[in-house]
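# Examining the three-dimensional arrangement
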Amino acid sequence: MHMTRNQALKLCGLFFCLLVTATAGKLYSQDPAAPPASEPADVTSPAGATLPDSPAVTSSPGASSTEAAQVDPPPAVVWPMVCLGVGIATVLGLIIALKVNAFIALISAAMIVSLMAPGATADKIGRVANSFGGAAGSIGIVIAMAAVIGKCMLDSGAADRIVRAFLKVMGEKGAPMALMGSGFVLAVPVFFDTVFYLLVPLARSLHRRTKRNYLLYLMAIGAGGAITHTLVPPTPGPLMMASNLGFDVGWMILIGILVGIPPAIIGVLWARMIDRRMDVPMRPIGNEVEPDPLKDEELPSLFMSLLPVLLPVVLIAANTVLNTMADNEHAALLKTTDVKDWPALMTTLRSELAGSEAAPAQRIIATIEGGVGQPDQRQAVVTLIEGDGPLSATDQEQVVEGLNRFVLPSKTFHRGVSEDAFVGVLPNGTAQSLLGKSRLRMKQSVVERMNRALLESVYPDLIEPHVWDTPARRCADVSSLVGNANLVLLISTVIALWLVVRQRGLSRTEAANLVEVALMSGGVIILITAGGGAFGAMLQEAEIGTAIETLLGGSAGGGQSSQLALLFLAFVFGSMLKIAQGSGTVAMIVGTSMIAAIIGPLELTFHPVYLACSVGAGSLVCSWMNDSGFWIFAKMGGLTEVEALKSWTVMLAVLGLVTFATTVLLSFALPLV
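Computed from a predicted structure; not experimentally measured.

## Digging into the overall build of the protein
- A tally of helices and strands in the protein yields 27 helices and two strands.
- Split into buried and exposed, the 673 residues of the protein put 49% on the buried side.
- Of the contacts formed within the protein by residues at least 6 apart in sequence, a portion of 79% connects residues at least 24 apart.
- Accessible area for the protein stands at about 29700 Å²; split by element, carbon and sulfur atoms hold 62% of it.

## Here's the deal with the packing of helix α12 (residues 302-327) against helix α20 (residues 485-504)
- Relative to each other, α12 and α20 sit at 170°, their axes nearing to 9 Å. Put simply, α12 runs roughly antiparallel to α20. Every residue of α20 that contacts α12 at Met304, Leu307, Pro308, Leu311, Pro312, Leu315 and Ile316 is listed here: Ala485, Val488, Leu489, Ile491, Ser492, Ile495, Ala496, Trp498 and Leu499.
- Each residue belonging to the contact of α12 with α20 can be placed in one class, and the counts come to 15 nonpolar, one polar and no charged.

## As for the pattern of salt bridges
- Counted under the stated rule, the structure contains 10 salt bridges.
- Arg127 is the partner of Glu541 in a salt bridge, and the nearest nitrogen-oxygen pair spans 3.5 Å. Linking Glu541 in helix α21 (residues 508-541) with Arg127 in helix α5 (residues 126-156), this pair joins segments that are 414 residues apart in sequence.
- The class of Glu541 is partly exposed, set by a relative accessible area of 32%.

## Re the side chain of Asn404
- Residue placement: Asn404 occurs in helix α16 (residues 393-407).
- The class for Asn404 is buried, based on a relative accessible area of 15%.

## What about α5?
- With 31 residues, α5 should cover 45 Å at 1.5 Å per step; its first-to-last C-alpha distance of 44 Å lies within 8% of that length.
- Of all the bends in α5, the greatest, near 45°, is centred on Ile139.
- Just beyond α5, the residue with positive phi is Gly157, at close to 90°.

## Describing the packing of aromatic side chains
- Scanning the model with the defined rule gives seven aromatic pairs in all.
- On the numbers, 5.5 Å between centres and 80° between planes, the contact of Phe413 with Phe422 is edge-to-face.
- By relative accessible area, Phe422 is classed as buried at 7%.
- An aromatic cluster of three or more residues is present, and its members are Phe196, Phe633 and Trp648.

## With respect to the environment of Ala271
- Position of Ala271 among the secondary structure elements: in helix α11 (residues 249-277).
- Relative accessible area serves as the criterion here: at 0%, Ala271 is assigned to the buried category.
- Remark: the alpha-carbon pair of Ala271 and Pro176, spanning 95 residues in sequence, is separated by 9.2 Å.
- With near-sequence residues (within four places) excluded, Ala271 lies in contact with Leu216 and Met219.

## Some details on empty space enclosed by the protein
- This model, assessed by the stated rule, comprises three cavities of 30 Å³ or more.
- Around the second largest cavity sit 14 residues that line it, and Leu334, Leu345, Leu349, Leu403 and Ile463 are the ones nearest its centre.
- Among the secondary structure elements, those contributing two or more residues to the lining of the second largest cavity are α13 (342-354) and α16.
- Within the lining of the second largest cavity, the residues separate by chemical class into 14 nonpolar, no polar and no charged.

## So, the confidence of the model for the protein
- For the protein, mean pLDDT is 79; residues scoring 70 or higher make up 81% of the total.
- Overall, residues 553-561 carries pLDDT values under 50, and its contacts beyond four positions in sequence, including any with other chains, amount to 10 contacts.

## Comments concerning the nonpolar core
- Counting 133 residues, the largest nonpolar core has Phe196, Phe535, Leu611 and Phe633 as its most contacted members.
- In terms of residue count, the dominant contributor to this core is helix α9 (residues 214-231) (12 residues).
- When neighbours within four sequence positions are excluded, Phe633 is seen to be in contact with Phe196, Leu215, Leu218, Met219, Leu639, Ala644, Ser647 and Trp648.
- Among the nonpolar cores identified, the runner-up in size contains 37 residues, and Trp342, Leu345, Val399 and Ala421 belong to it.

## A word on α12
- Its 26 residues place the ends of α12 36 Å apart at the C-alpha level, agreeing with the 38 Å of an ideal helix rising 1.5 Å per residue.
- The largest bend in α12 comes to about 50°, at Pro308.

## Examining unusual backbone geometry
- Within the chain, Asn213 stands out as a residue other than glycine whose phi angle is a positive 60°.
- Relative to the elements of secondary structure, Asn213 occurs in the loop between α8 (192-210) and α9.
- The phi dihedral of Cys622 falls on the positive side, at around 60°, and the residue is not glycine.
- Looking at the element boundaries, Cys622 is found in the loop between α25 (609-620) and α26 (628-637).

## Points about the environment of Leu239
- With respect to the helices and strands, Leu239 occurs in helix α10 (residues 236-245).
- On the basis of relative accessibility, which here comes to 31%, the residue Leu239 falls in the partly exposed class.

## Considerations on a nonpolar patch on the surface
- A cluster of nonpolar side chains, namely Val169, Met170, Met177, Ile253, Ile257, Ile261, Ile265, Ile266 and Leu269, defines an oily patch on the protein surface of about 730 Å² accessible area.
- At the level of elements, α6 (158-170) and α11 are the ones that each hand at least two residues to the nonpolar patch.
- Looking at the nonpolar patch, the element that brings in the most residues is α11, giving six residues.
- One can find Met170 in helix α6.
- The exposure class of Met170 is partly exposed, given its relative accessible area of 41%.

## Considering the packing of helix α7 (residues 175-186) against α11
- Contact pair α7 / α11: the axes reach a minimum separation of 10 Å and the direction vectors enclose 145°. By crossing handedness, the relation of α7 to α11 is classed as right-handed. Counting all contacts with α7, which are made through Pro176, Met177, Met180 and Phe184, the residues of α11 involved are Ile257, Gly260, Ile261, Ala264, Val268 and Arg272.
- Tallied by class, the residues present in the contact of α7 with α11 amount to eight nonpolar, one polar and one charged.

Procedures and definitions
Residues numbered from 1 in each chain as written. Predicted model: local features only at pLDDT ≥ 70, side-chain atom pairs only at ≥ 80, totals over all residues. Heavy atoms only, no water. Helix = DSSP H or I, 4+ residues; strand = E, 2+ residues; numbered from the N terminus. Buried < 20%, exposed > 50% of the residue type's maximum accessible area, 1.4 Å probe, protein only. Contact = heavy atoms within 4.5 Å. Areas by Shrake-Rupley, 256 points an atom, 1.4 Å probe, with all protein chains shown as cover. Axes fitted to C-alpha atoms, helices over the stretch in contact; angles between N-to-C directions. Parallel < 35°, antiparallel > 145°, perpendicular 65-115°, else oblique. Nonpolar A, V, L, I, M, F, W, Y, C, P; charged D, E, K, R; others polar. Salt bridge = Lys/Arg side-chain N within 4 Å of Asp/Glu carboxyl O. Expected span 1.5 Å × (residues − 1). Bend = angle between axes of the 7 residues up to and from the residue. Phe/Tyr/Trp six-rings, centres within 6.5 Å; stacked < 30°, edge-to-face > 60°. 1 Å grid on protein atoms, 1.4 Å probe; cavity = no way out; pocket = protein on both sides within 12 Å on 5 of 7 lines; lining within 4 Å. Points joined across faces, edges and corners; volume = space filled by probe spheres on them. pLDDT = per-residue confidence, 0-100. Core = buried A, V, L, I, M, F, W, Y, C linked by side-chain atoms within 4.5 Å. Patch = residues over 30% accessible without salt bridge, like charges linked within 9 Å, V, L, I, M, F, W, Y side chains within 5 Å. Left-handed = near helix turned anticlockwise from the far one by under 90°.

Now the structure itself:
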């Protein structure tokens, strides 16, 4: 990259200003009463365990109120917004203004935001690397294998065969709709990233045949894939939205598909308009000249051409179905017969509640009382547990139902080392393995298993161990191995390699060179995608989500909020979180958690699935440099960053708005209550 002297001076000046801002932020966020050069003291739990990055400083029982008042935390809104602004300015300035490589720009922005964010000084650069490694580890194998599959499908003629089959059935004019439909269907069981990788070779092959509409074909694939990835389970975002808002996932599937059809069609129409206005050529990926189209008789069969694409879809979909069936058993939920001795259990719980020290029974009551919704049912369960008489069979069923409904699904029942109610409790093997995992994306069935195992650890002589390895779960475990995306794509890669060697008669050296070229292009995409993940993670470290909740959550309107206002607020939550940290899945999960806390015990005039669809609509808006989908579209499609902003970013904004409008209309026309 050639850089003029003025550009170099501007770059140095930008970094100097940003570093000064970061340093000022660090000093600003320190305890004013502490010496500037000193590190903040660690907060420890009653058991003496250190709590890194504790969100709040709590005084010990012996601390005076004066000492507690000396802590002057930084503003909960202003500084995170400053971090967000600096991060956005860094990425856009480096990439667009100074033409710096996207990976360098994203990592630079991640480090600057991390320096500005709260946390121990010694960890601020290390956590960028850890987040980068986590993002690369989650998508690296899939991207690498998909890159090889795509290259092999192009060189063997498999992609060409599929495109010619599309054209034969729908004609050239119907090709964009066929590509959109393919993405719409495939993105239900498969991650959007994988769907786009697998279908991009079709768009490129179709363009070589038609000599036009390359951008239209790319955007048609993206429109179909993005919609169902956002609205239709079993992708994790829609699944967690249904769980957070407390409704059956079947409604998310049905309404998600219904809401998704209009924006998917509008997306193709919008793509046609953008394609007419933007002349985007099909550029080679990885500096490799693509081969000329083969004659029909030189192409592989349609079955073999489709196999590298269909095999992942079938195996991953089967894995999803089997795991869903196993999860729906809810094997960890309590039954009345699981309690070995009801009088002894109630005596133990009531004794712990009467004590002055923190105890597990107090956490059970706090979890039941502290939840959102169904206040009468919650209070009835608490009354039975806190009472002084024996429980009838009906009472026992009510207590068990309350524990299953309010305690076992709770992700905050055990609060890690900061929760002193479980000090002295030795968790069993299952509880130990699950308590240390992140609960943000933990499935409800696994949360239930974790909390059930914790109860069994606390009351081993009173609660029977649950049976997790049911026949359905054993089948799901096997499918989780066979249907793992990394393994399935490796198998598809082997098939695609065998196909290109057979069709082209390649030697081992030529096949190795083909793989190397594909991996070089895939490696760049992995770096950029993981860099975007690290940048998004550092924005989360800067507590952007908390700031947005503070800005918007306090004005929800409570019980006076109208139906439209609640839906709009859900849309705003999703869009703000997506803009801030880049991940649509995180925006959906956190957004629905926020809206669930706001609606509380309100009696809605419409089904909560529409709130989930509104959050999902917001999570589509503004896909830019901190979103892995942006880089996948740009790099796999061969577009520049500016071209991707003008096409992909704008189209997803349109899709988000149309999805929201469709959601609002359906919520009034078909409220489902």
